[in-house]
Amino acid sequence: RKQGKARAATPKPKELVTMATAAATNNDNMVKLPPVQFIEDVDAYMKGKEPDAALGEIQEKYQTFKLLESRLLQSRNRMLGKVPHIEKAIDMVDLLLAKETASDQITVDFEL
């Protein structure tokens, strides 16, 4: 910022994951991901199952996760699109606060 205040550094990907995990535990509005089973032993997993049924089940779970991924990416892009507007608003508030403390007159025009 122009008034000498430093902006927070952009978080690294690992920090974003940690932040997202913390937010997910504190926020009920986050997307609830269905539980995932990691298949270590395919033979044991397939025992007693029809191959087509097992494949269909796995493909259904995959499609669910792809849909969730798509929604999350769209949401992320919408939020990232708002960042410049929010930064501009913060800069304007900083300017108004600086003018208020300096007792300077400022003329503001509003669009109707």
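Residues numbered from 1 in each chain as written. Predicted model: local features only at pLDDT ≥ 70, side-chain atom pairs only at ≥ 80, totals over all residues. Heavy atoms only, no water.

Caption draft 1: Geometry of the confidence of the model for the protein chain. With 72% of its residues at a pLDDT of at least 70, the protein chain reaches an overall mean of 78. The model gives residues 1-7 a pLDDT under 50, and that stretch makes ten contacts with residues more than four places away or in other chains. (pLDDT = per-residue confidence, 0-100. Contact = heavy atoms within 4.5 Å.)

Caption draft 2: Spotlight on the environment of I39. Relative to the helices and strands, I39 is located in the loop between α1 (13-26) and α2 (42-46). Of the residues examined, I39 reaches a relative accessible area of 31% and is grouped as partly exposed. What I39 contacts, discounting residues up to four positions off in sequence, is Y45 and I58. (Helix = DSSP H or I, 4+ residues; strand = E, 2+ residues; numbered from the N terminus. Buried < 20%, exposed > 50% of the residue type's maximum accessible area, 1.4 Å probe, protein only.)

Caption draft 3: Summary view of the pattern of salt bridges. One pass over the full model with this rule turns up two salt bridges. A salt bridge links E57 to K61; the shortest N-O distance between them is 3.7 Å. Pair noted here: E57 and K61 are both in helix α3 (residues 51-101), with a separation of four residues, about one helical turn. A salt bridge links E69 to K66, with the nearest nitrogen and oxygen atoms 2.9 Å apart. Taken as a pair, E69 and K66 lie in helix α3 at a separation of three residues, close to a single helical turn. When its relative accessible area of 38% is taken as the criterion, E69 is described as partly exposed. (Salt bridge = Lys/Arg side-chain N within 4 Å of Asp/Glu carboxyl O.)

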